[in-house]
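# Per-entry structural report
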Amino acid sequence: MMHDYVSRLSARSSRDPAFKRYETVIVMDLSNLSPSQITKRALGIIQRQSDIDSLCFPETLHRLVILNAPGFFGATWRMVRGYVDERTANKVIIVNNNRAKWIKKLTELIDPSELPEEYGGTGESDATFLERKARDQYRDVVARKKRCGDGDAGIADRTPRSAGHLSLRRGRFDGHVVKLLSVRTQSSFPIDLPPRRSMELSVF
């Protein structure tokens, strides 16, 4: 997963000092993609990002697997393909919403233990991963506040499983909520916050 990318490379380098070259398999799920999201601005960002990747990270892509591609994506891909070099474009695999087909392809490229369970593997789910990273993130924030003498900071070791409730106690952060939302949708997620309490919001 992208959020875990740097730490994985660092861990591998520490185990094997001779480790220099690496390639990645990127999985992009387009389940929630709509035609209205394919804007000129979005295509411009893709083009710019492609230029940056080619310059700063040459030959690091092993495969890009695009899952659940909607019918209109074929025309989009023909435009995007013009932004990337032919060698990179040939590493892209586009699969429609045939789950059995894309699970077969993913397990050919990725060890099941490294693949989230919702994509046919035995690894932790995206939601579980994000919950763990969010907990670690807030633990770091609270620890920094404590070092700076900013109150009696603390954090719970276990995360409450109530998806709509933050458990807060005076001077402590006792829980967090992680919610996966699609960009540019009408999704909402209410949170009941007790009087005179505050919350921090992280988006990533």
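Residues numbered from 1 in each chain as written. Predicted model: local features only at pLDDT ≥ 70, side-chain atom pairs only at ≥ 80, totals over all residues. Heavy atoms only, no water.

Attention now goes to the overall build of the protein chain. Tallying secondary structure elements over the protein chain gives 6 helices and 5 strands in all. In sequence order, the secondary structure elements of the protein chain are arranged as α-β-α-β-α-α-β-α-α-β-β. Within the protein chain, counting contacts between residues at least 6 apart in sequence, those at least 24 apart form 61% of the total. Accessible area of the protein chain: about 14,300 Å², with a carbon and sulfur share of 52%. (Helix = DSSP H or I, 4+ residues; strand = E, 2+ residues; numbered from the N terminus. Contact = heavy atoms within 4.5 Å. Areas by Shrake-Rupley, 256 points an atom, 1.4 Å probe, with all protein chains shown as cover.)

As a further point, take the packing of aromatic side chains. If you walk through the whole model with that rule in mind, you get 2 aromatic pairs. Taken together, a centroid distance of 5.7 Å and an interplanar angle of 55° make the contact between Trp102 and Tyr119 tilted. With a gap of 17 residues between them, Trp102 in helix α5 (residues 99-109) and Tyr119 in the loop between α5 and α6 (126-147) connect regions that are remote in the sequence. (Phe/Tyr/Trp six-rings, centres within 6.5 Å; stacked < 30°, edge-to-face > 60°.)

On to the pairing of strand β2 (residues 61-67). Counting buried positions along β2 yields 5 of 7 residues, so the element is predominantly enclosed. Relative to β2, strand β1 (residues 24-29) is paired through 6 bridges, and the arrangement is parallel. Bridging across to β2, Val25 finds its partner in Arg63. For the segment spanning β1, helix α2 (residues 40-56) and β2, crossover handedness is right-handed. Here 3 bridges tie β2 to strand β3 (residues 92-94), and the two strands are oriented parallel to one another. Paired with Val65 across the strands is Ile93, a residue of β3. (Buried < 20%, exposed > 50% of the residue type's maximum accessible area, 1.4 Å probe, protein only. Pairing = 2+ DSSP bridges. Right-handed = clockwise from strand over helix to strand, strands pointing away.)

A word on the pattern of salt bridges. In this structure the tally under the stated criterion is 5 salt bridges. Residues Lys91 and Glu59 are paired through a salt bridge, measuring 3.4 Å at the closest nitrogen-oxygen approach. One end of the pair, Lys91, is in the loop between α4 (86-89) and β3; the other, Glu59, is in the loop between α2 and β2, with 32 residues separating them in the sequence. Residue classification places Lys91 among the buried positions, given a relative accessible area of 11%. By relative accessible area, Glu59 is classed as partly exposed at 34%. Lys105 is the salt-bridge partner of Glu108, the closest N and O atoms lying 3.4 Å from each other. (Salt bridge = Lys/Arg side-chain N within 4 Å of Asp/Glu carboxyl O.)

For the rest of this paragraph, the subject is the confidence of the model for the protein chain. Mean pLDDT over the protein chain: 77, with 76% of residues reaching 70 or higher. Considering each helix and strand of the protein chain separately, the mean pLDDT is smallest for strand β4 (residues 168-169), with a value of 40, and largest for β3, with 92. Low pLDDT, under 50, characterises residues 151-171; the stretch is placed with 53 contacts to residues that sit more than four places away or in other chains. (pLDDT = per-residue confidence, 0-100.)

In this section: the side chain of Lys91. Of the polar contacts made by the side chain of Lys91, one reaches the side chain of Glu59; its length is 3.4 Å. Residues within four places of Lys91 in sequence aside, it is in contact with Glu59, Leu61, His62, Arg63 and Leu64. (Polar contact = N/O pair within 3.5 Å; in protein donor to acceptor, adjacent residues only side chain to side chain.)

All right, on to the nonpolar core then. Membership of the largest hydrophobic core is limited to 11 residues, which are Leu30, Leu43, Leu61, Leu64, Ile66, Ala69, Phe73, Trp77, Val80, Ala89 and Val92. With near-sequence residues (within four places) excluded, Leu43 lies in contact with Ile38, Thr76, Met79, Val80 and Tyr83. Counting residues in each nonpolar core, the second largest holds 9 residues, with Val65, Ile93, Leu106 and Leu115 among its members. (Core = buried A, V, L, I, M, F, W, Y, C linked by side-chain atoms within 4.5 Å.)

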